[in-house]
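Listed here are the chains, written in short residue letters.
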Amino acid sequence: MTQNDGELDSLVRKRIRALRVAQGWSLEELATRAHVSQSTLSRIENGQRRLALDQLVTLARALDTSLDQLVETASDDVVTNPMIDGAHGLMRWPVKGNPGMSVVRQRITEPPPDNPARMRAHPGREWLVVLSGTATLMLGHRRYRVETNQAAEFPTMLPHAIGAEGGPCEIMGIFDRDARRGHQRDSDGKSVGGDDAHDADA
């Protein structure tokens, strides 16, 4: 067994125990759910018994996870620096597990568009939180005031736009690729969510 194999073996054992403890289960409870003896499970967690593939599959199922997740290794690039787009006043962090998703931090200075034709709609959902200031969320025919530390989540098939109210605001959101385009301003500082921003990308 190589050093990497040994590290993975140790990680899997720690993960089994951590998942069991997180569920609030004793050794006996998990052993019952996984149809193994309590002593076998104890030896697996303590490194006194070889990890067998069939047992790992059973334990993963009992712990409500998958074998892939149980043996997944940590990524070397755990920490990610933001990509800064000064023209659109935002920072973006790609989500490695889902390349189509981004976490976006954006400063908004303009109010939402008055013209409903400039509101966008697309498949999916959006989640955002206001970090500072007050934002106005236009959602269909409704208008929502979102204060600092308040969050909003909504289906993006509803026509929507977001802007600042009473001064600049800063938001952080989790957006899919289409949503990210829809919530950028162009370099002229036009409103977030308008058609003018459609072709911009971070």
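Being a predicted model, the structure only gives us computed values, none of them experimental.

1. Some thoughts on the pairing of strand β4 (residues 125–132)
Link 1 in the chain: Two strands pair when backbone bridges link them, and β4 and strand β7 (residues 151–155) are joined in this way by five bridges, in the antiparallel orientation. Bridging across to β7, Val129 finds its partner in Ala151.
Link 2 in the chain: Inspection of the sheet shows β4 paired to strand β9 (residues 169–176) by five bridges, in the antiparallel sense. Following the sheet pairing, Trp127 is matched in β9 by Ile174.

2. Some thoughts on the nonpolar core
What tends to happen in soluble globular proteins is that the nonpolar side chains get buried as a cluster.
Link 1 in the chain: Ranked by size, the top nonpolar core spans 15 residues in total, and within it Val12, Ile16, Leu30, Leu41, Leu56, Leu59 and Leu70 carry the most contacts.
Link 2 in the chain: Those elements that provide at least two residues to this core are α1 (3–23), α2 (27–34), α3 (38–46) and α4 (53–62).
Link 3 in the chain: Looking at which element gives the most residues to this core, the answer is α4, with four residues.
Link 4 in the chain: Ignoring any residue separated from it by four or fewer positions in sequence, one finds Ile16 in contact with Leu30, Leu41, Ile44, Glu45, Leu56, Leu59, Leu63 and Leu70.
Link 5 in the chain: By size, the runner-up hydrophobic cluster in this structure holds 13 residues, among which are Leu128, Leu139, Ile162 and Ile171.

3. Here we look at the sheet that holds strand β2 (residues 90–94)
Link 1 in the chain: Strands sit in the order β1-β2-β3-β9-β4-β7 across an open sheet of six strands; the sheet is antiparallel. Edge positions in the sheet fall to β1 (83–85) and β7, since each of these pairs with one other strand and no more. Each strand of the sheet is rotated relative to its neighbour by a mean of 20 degrees, with strand direction disregarded.
Link 2 in the chain: Pairing of β2 with strand β3 (residues 101–108), which is carried by five bridges, proceeds in the antiparallel orientation. Across the sheet, residue Met91 finds its bridge partner in β3, namely Arg105.

4. Regarding the sheet that holds strand β8 (residues 160–164)
Link 1 in the chain: Strand order in this open sheet of three strands is β6-β5-β8, and the pairing throughout is antiparallel. Bordering the open sheet on either side are β6 (142–146) and β8, each of which pairs with just one other strand. This sheet shows a mean twist of 20 degrees between the axes of neighbouring strands, independent of strand direction.
Link 2 in the chain: The sheet contact formed by strand β5 (residues 135–139) and β8 spans five bridges and is antiparallel. Note on β8: the bridge partner recorded for Thr136 is Gly163.

5. Quick look at the pattern of salt bridges
Link 1 in the chain: In the structure shown here, the tally under the stated rule is six salt bridges.
Link 2 in the chain: When the shortest N-O distance is used, the salt bridge between Glu147 and Arg145 registers 2.5 Å.
Link 3 in the chain: Judged by relative accessible area, which is 29%, Glu147 ranks as partly exposed.
Link 4 in the chain: On the basis of relative accessible area, Arg145 is assigned to the exposed category, the value being 52%.
Link 5 in the chain: Here Glu165 and Arg145 are joined by a salt bridge, their closest N and O atoms 2.1 Å apart. One end of the pair, Glu165, is in the loop between β8 and β9; the other, Arg145, is in strand β6, with 20 residues separating them in the sequence.
Link 6 in the chain: Within this structure, Arg145, Glu147 and Glu165 form a network of salt bridges that share partners.

6. Digging into the confidence of the model for the protein
Link 1 in the chain: Within the protein, residue pLDDT values average 81, and 82% of them lie at 70 or more.
Link 2 in the chain: Across residues 184–202 the pLDDT falls below 50, and counting only partners more than four positions away or on other chains, this stretch makes 65 contacts in the model.

7. What to know about the environment of Ile84
Link 1 in the chain: Looking at where Ile84 falls in the secondary structure, it is placed in strand β1.
Link 2 in the chain: Put simply, Ile84 and Arg105 are 21 residues apart on the chain and 9.6 Å apart in space, counted from C-alpha to C-alpha.
Link 3 in the chain: Setting aside its immediate chain neighbours within four residues, Ile84 contacts Leu90 and Met91.

8. Brief notes about the pairing of β9
Side chains on a regular strand alternate between the two faces of the sheet.
Link 1 in the chain: Looking at chain direction, β3 and β9 are connected through eight bridges and run antiparallel. Bridge pairing in β9 places Ile108 opposite Cys169.

What counts and how
- Residues numbered from 1 in each chain as written.
- Predicted model: local features only at pLDDT ≥ 70, side-chain atom pairs only at ≥ 80, totals over all residues.
- Heavy atoms only, no water.
- Pairing = 2+ DSSP bridges.
- Helix = DSSP H or I, 4+ residues; strand = E, 2+ residues; numbered from the N terminus.
- Core = buried A, V, L, I, M, F, W, Y, C linked by side-chain atoms within 4.5 Å.
- Buried < 20%, exposed > 50% of the residue type's maximum accessible area, 1.4 Å probe, protein only.
- Contact = heavy atoms within 4.5 Å.
- Axes fitted to C-alpha atoms, helices over the stretch in contact; angles between N-to-C directions.
- Salt bridge = Lys/Arg side-chain N within 4 Å of Asp/Glu carboxyl O.
- pLDDT = per-residue confidence, 0-100.

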